[in-house]
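Spelled out, the chains give:
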Amino acid sequence: MQVTINGKQYDFDKGTTVLKACSEIGLDIPTLCNDERLVPSGSCRLCQVEIEGWGKLHTACTTQVREGMVIHTHSDRVIKARQDLLDMLISNHPLECLTCEKSGACKLQDYCYEYGITEGTYRWEMSKPYFDDTNPFYTFDARKCILCGLCVRVCDELQGTNAIGFENRGFDTQVATPFGEGLENSTCVSCGNCVSVCPVGALEPKSKKKFRHWETRTVRTTCSYCGVGCQMDLKIKGNEIVEVQPAFDAHNEGLLCVKGKFSYNFLSHPDRLKKPMVRKDGVLVETGWDEALDVITSKMKEVKKEFGSDAFAGLTSARCTNEDNYMFQKLFRSTLGTNNVDHCARL
Amino acid sequence: MITKEKLFEIKEKTKPSLVEKLLESDRVEFRGEDLVLKGEYYKKQVRIALKNCDIIDPTNIDEYIAMDGYFALLKALTEHEPGYVVEEITESLLRGRGGAGFPTGRKWNEAYRYQADKKYIICNADEGDPGAFMDRSILEKDPHSVLEGMALGGYAIGSDQGYIYVRAEYPMAVKRLQIAIDQAREYGLLGKNIFGTGFNFDIELRLGSGAFVCGEGTALMESIEGRRGMPRPKIHRTAHKGLWGKPTIINNVETLANVPVIMNRGAKWFRGIGTEESPGTKVFALVGKVENAGLVEVPMGMTLREIVFDIGGGAQDGKEYKAVQTGGPSGGCIPAELIDTPVDFESLGKIWSIMGSGGMVVMDENTCMVDIAKFFLDFSVEESCGKCVPCREGTKRMYEILDRITKGEGVEGDIERLEELSETVSSTSLCGLGQTAPNPVITTIKYYRHEYEAHIKDKRCPAKSCKALIKYEITDKCIGCTRCAKVCPVVAITGKVKEMHHIDQSICIKCGACYDVCPVDAISII
Ligand SMILES: Cc1cc2nc3c(=O)[nH]c(=O)nc-3n(C[C@H](O)[C@H](O)[C@H](O)COP(=O)(O)O)c2cc1C
Ligand code: SF4
Ligand code: SF4
Ligand code: SF4
Ligand code: SF4
Ligand code: SF4
């Protein structure tokens, strides 16, 4: 479909939304509530664009391109509308960027910067404060919530848990657990997928470390917890992981489970084994891989000779890759000669 | 199961005694062939949607049949294809009475032509406008007309399931509807194989719990599906993808009540009533400071003057008429100088108001227009679903500004700020609620800017209604009767018998009780 965007002609597939079309040509349209994986909700209204002949403004996330459409994404009228909307949001928002964990990775902050919004024109009545820190892994600060609905929709449409929803109406609307009983008493499984999508600092991991987003670098890795192999981006400050974000461009499509998302503290825990250990005179002492492997093979040979193959039993872990597990059973079956081999994922 | 013959038999058996009973009661008279309610109030009215109201017993299906009820359905099912019904309704140019005035036939046609294994028809009986009770009257007093309209719609678009979304605050309507559904099922007018034609159609009730926004079509569907009632963005037409993703037609109670009559008397007859572009009639709930409040059904195009003065009898208590508000919280205030505006979709739109679902609030000289704007906006603020930013945050800020103005705390620039917020909220909100919420503010600023200015600059309420800006004072007309002192709830009035009384302004709570009770009008509001 031939479409004109900001004076240039482009060709898009039928059914493409204006928002997608713009992102395909590298045009940044602000949005706080859009997520390709979810049913569009059109609630933040920031992605509005002007379409010639269409009268009022239209949200790019819920409008599909049509043949001959002429779109303006940054006309004066559009910019004014976005400024007004951001002004309304920031007017009902604590100005705590100085201490907010999200600072530097906050979409509200970024857009206010981009559109030149300072402290908000209407700093009158504020939403009722509410803070829920009953979940072991993350906190919810209603004051910072901009009600984009992403958390609610992710929990419903992708996670399928439906632990949270909206409560009250209008200005009093809040994200809440049923009957206000708190996250602790809800059906929340702490997957943290809501935390991963929150565009502001309303849902924050209970971080053990202080860090600024701009101090971190990102390393893509595979989650080591199970064979699904979710891809994740580790946020690293210095030499320490400070946060985990799911990868969106991988098969896990931006989702993780509670372990992948929150359980990385063991990595730098002082009790963690970092070198192989061998028991000498009843005491475990650190050693190198060569010695460790020598000990293992000599013991295996010894046992096999004396007690036979079925004296062995092997248990491996879901945290190893399929390839590792394959090699492990191969070792037991063909080298040691026993079928006594199993895996912890047998639930 | 009822047959054609049986339907005729019921009519012939019931009608004579019904007519006799009615004429005896002296409440009705004949206008041509039609039985209509008697009295001055009804003279100028033309009743189509309300034609049976207060005439038949709504809990007796036979009386509905006696007034030609279910004959339109019989005729459609036995003599016509569904396409014919769609054409006839399109031809009649019946426009939705729920507020937007969208042509019903065009909507039906969309669903009719869309292939699907299941389709739905929904009757929107959520009527949430403050002070509106048009739909309620039809539901309570003539429920079968809605059922028949839905069955006709179902036949037209190829749906076998209807839902009536009715607010739980209308317990009588719910009860009467359920009785009507049960009776229609018993007669086989709902259910399987209606009139032996193979057409199946049934209706179920769904109760809403009083959120105004659930009257919005997509929020209503969310609510029926068991979710929180919040509007969906309109990516697809609901006539293609509506309830549970299936083609769905949603129509207002009054719209549906018009359908059987149109099918009975023909599109041509219908177009003979009302105006070229808005044929037929509209029911209004005429309320506020009007002499004869109540429901009126008039041909479209009748002027506001005829409705407010000829039928409504003008402002109450001999006060001066000031304005009329149409369209409820989504509508606008129409000033006295525009009283000769014809009431139809186009004409009202031109003067910044809307037809809406039929609320018509009359205001007199003591109505403060800033306060009225605040009243309607407060409703929208309370009823906003909170989904989108402009409506959730913006209407609240507008309300705060209006509240300050009425309290005498308005500041220079408030009017402009209101205008700016109005523009943003109406042009960027997701659904009709937010898009129209600023209308009362926009129109009152447009027509009564001087009242806003008086509040802000002179700290004066010209209508003498905003408490913070008025004072009650006793003038020398006082005869010292002591009545005011007795009635004052906070003992602010002192004075000896037969001597002039005095109000202590620091105690007075401005309740107006003394003003109402003074026999010589010695108390003035300044
Ligand atoms: C906030 C809001 C509330 C509404 N409430 C009602 C209502 O109570 N009853 C109604 O029939 N239509 C209501 N509507 C209009 C419906 O969305 C819809 O247009 C109508 O039911 C369609 O029926 P019609 O074409 O027969 O008028 C409302 C719309 C909005 C935006
Ligand atoms: S959520 Fe964003 S805008 Fe709000 S305080 Fe934190 S960084 Fe600032
Ligand atoms: S952590 Fe997971 S289950 Fe809990 S609320 Fe968030 S998305 Fe839902
Ligand atoms: S908590 Fe975050 S994701 Fe959830 S609605 Fe609020 S801002 Fe959006
Ligand atoms: S305009 Fe108001 S009622 Fe409509 S979706 Fe937005 S917040 Fe909800
Ligand atoms: S207005 Fe009410 S409170 Fe004031 S003096 Fe009169 S009766 Fe008393």
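Cut-off values and rules
- Residues numbered from 1 in each chain as written.
- Chains lettered and ligands numbered in written order.
- Predicted model: local features only at pLDDT ≥ 70, side-chain atom pairs only at ≥ 80, totals over all residues.
- Heavy atoms only, no water.
- Near = heavy atom within 4 Å.
- Nonpolar A, V, L, I, M, F, W, Y, C, P; charged D, E, K, R; others polar.
- Contact = heavy atoms within 4.5 Å.
- Buried area = accessible area lost by both parts, 1.4 Å probe.
- Salt bridge = Lys/Arg side-chain N within 4 Å of Asp/Glu carboxyl O.
- Polar contact = N/O pair within 3.5 Å; in protein donor to acceptor, adjacent residues only side chain to side chain.
- Helix = DSSP H or I, 4+ residues; strand = E, 2+ residues; numbered from the N terminus.
- Domains from an automatic or database assignment.
- Pairing = 2+ DSSP bridges.
- Axes fitted to C-alpha atoms, helices over the stretch in contact; angles between N-to-C directions.
- Core = buried A, V, L, I, M, F, W, Y, C linked by side-chain atoms within 4.5 Å.
- Buried < 20%, exposed > 50% of the residue type's maximum accessible area, 1.4 Å probe, protein only.

### With respect to the site of ligand 3
Then, in step 1: Surveying the vicinity of ligand 3 reveals the residues A:Tyr138, A:Cys155, A:Thr161, A:Ala163, A:Ile164, A:Cys188, A:Val189, A:Ser190, A:Cys191, A:Gly192 and A:Cys194.
Then, in step 2: For the shell around ligand 3, the class distribution of residues is 8 nonpolar, 3 polar and no charged.

### Topic: the interface of chain A and chain B
In many analyses, interface size is given as the accessible surface area lost on bringing the parts together.
Then, in step 1: Every contact between the two is made by 32 residues of chain A and, on the other side, 35 residues of chain B.
Then, in step 2: With both chains or domains summed, chain A and chain B bury close to 2,800 Å², and 57% of this area falls on carbon and sulfur atoms.
Then, in step 3: Interface area lost by chain A to chain B is led by A:Met88, A:Trp124 and A:Arg169, which between them contribute 23%.
Then, in step 4: At the junction of chain A and chain B, the tally comes to 4 salt bridges.
Then, in step 5: Seen at the junction of chain A and chain B, the total is 19 residue pairs in polar contact (both at pLDDT 80 or more).
Then, in step 6: Going through the elements one at a time, helix H2 (76–91) and strand E8 (165–167) of chain A are the ones with two or more residues in the side of chain A that touches chain B.
Then, in step 7: Looking at the side of chain A that touches chain B, the element that brings in the most residues is H2(A), giving 7 residues.
Then, in step 8: Partitioned by chemical class, the residues of the side of chain A that touches chain B number 13 nonpolar, 11 polar and 8 charged.

### Points about the domain arrangement of chain B
All names here are of chain B.
Then, in step 1: Under the domain assignment used here, chain B contains domain 1 (4–271), domain 2 (281–364), domain 3 (369–457) and domain 4 (471–525).
Then, in step 2: A straight line from the C-alpha centre of domain 1 to that of domain 2 covers 26 Å.
Then, in step 3: Between domain 1 and domain 2, the contact holds 24 residues from the first and 28 residues from the second.
Then, in step 4: Each partner contributes to the roughly 2,200 Å² buried at the junction of domain 1 and domain 2, and carbon and sulfur atoms together form 58% of this total.
Then, in step 5: For domain 1, the biggest contributors to the area lost against domain 2 are Tyr 41, Lys 44 and Met 134; these three give 31% of the whole.
Then, in step 6: Taken together, the links from domain 1 to domain 2 amount to 4 salt bridges.
Then, in step 7: Among the ionic pairs, Lys 282 bridges to Glu 254, the shortest N-O distance being 2.6 Å.

### Topic: the sheet that holds strand E8 (residues 281–288) of chain B
Residues and elements named next belong to chain B.
Then, in step 1: Taken together, the 5 strands give an open sheet; going across it, the order is E9-E8-E12-E10-E11, and neighbouring strands pair in mixed fashion. Of all strands in the sheet, those with a lone pairing partner are strand E9 (294–299) and strand E11 (332–335), marking the two edges. Neighbouring strand axes in the sheet, compared pairwise and without regard to direction, differ in orientation by 30° on average.
Then, in step 2: As paired strands, E8 and E9 are joined by 6 bridges and run antiparallel to one another.

### Description of the nonpolar core
Residues and elements named next belong to chain B.
Then, in step 1: Within the largest apolar cluster, 79 residues are counted, with the highest numbers of intra-cluster contacts made by Tyr 70, Trp 108, Leu 147, Met 150, Ile 164, Phe 195 and Phe 201.
Then, in step 2: A per-element tally of this core places helix H8 (residues 143–157) first, with 8 residues.
Then, in step 3: Taken together, domain 1 (4–271) and domain 2 (281–364) each give at least three residues to this core, which thus spans both.
Then, in step 4: Once you skip the residues sitting within four places of it in the chain, Leu 147 turns out to touch Tyr 70, Ile 164, Leu 177, Ala 180, Ile 181, Ala 184, Leu 190 and Ile 203.

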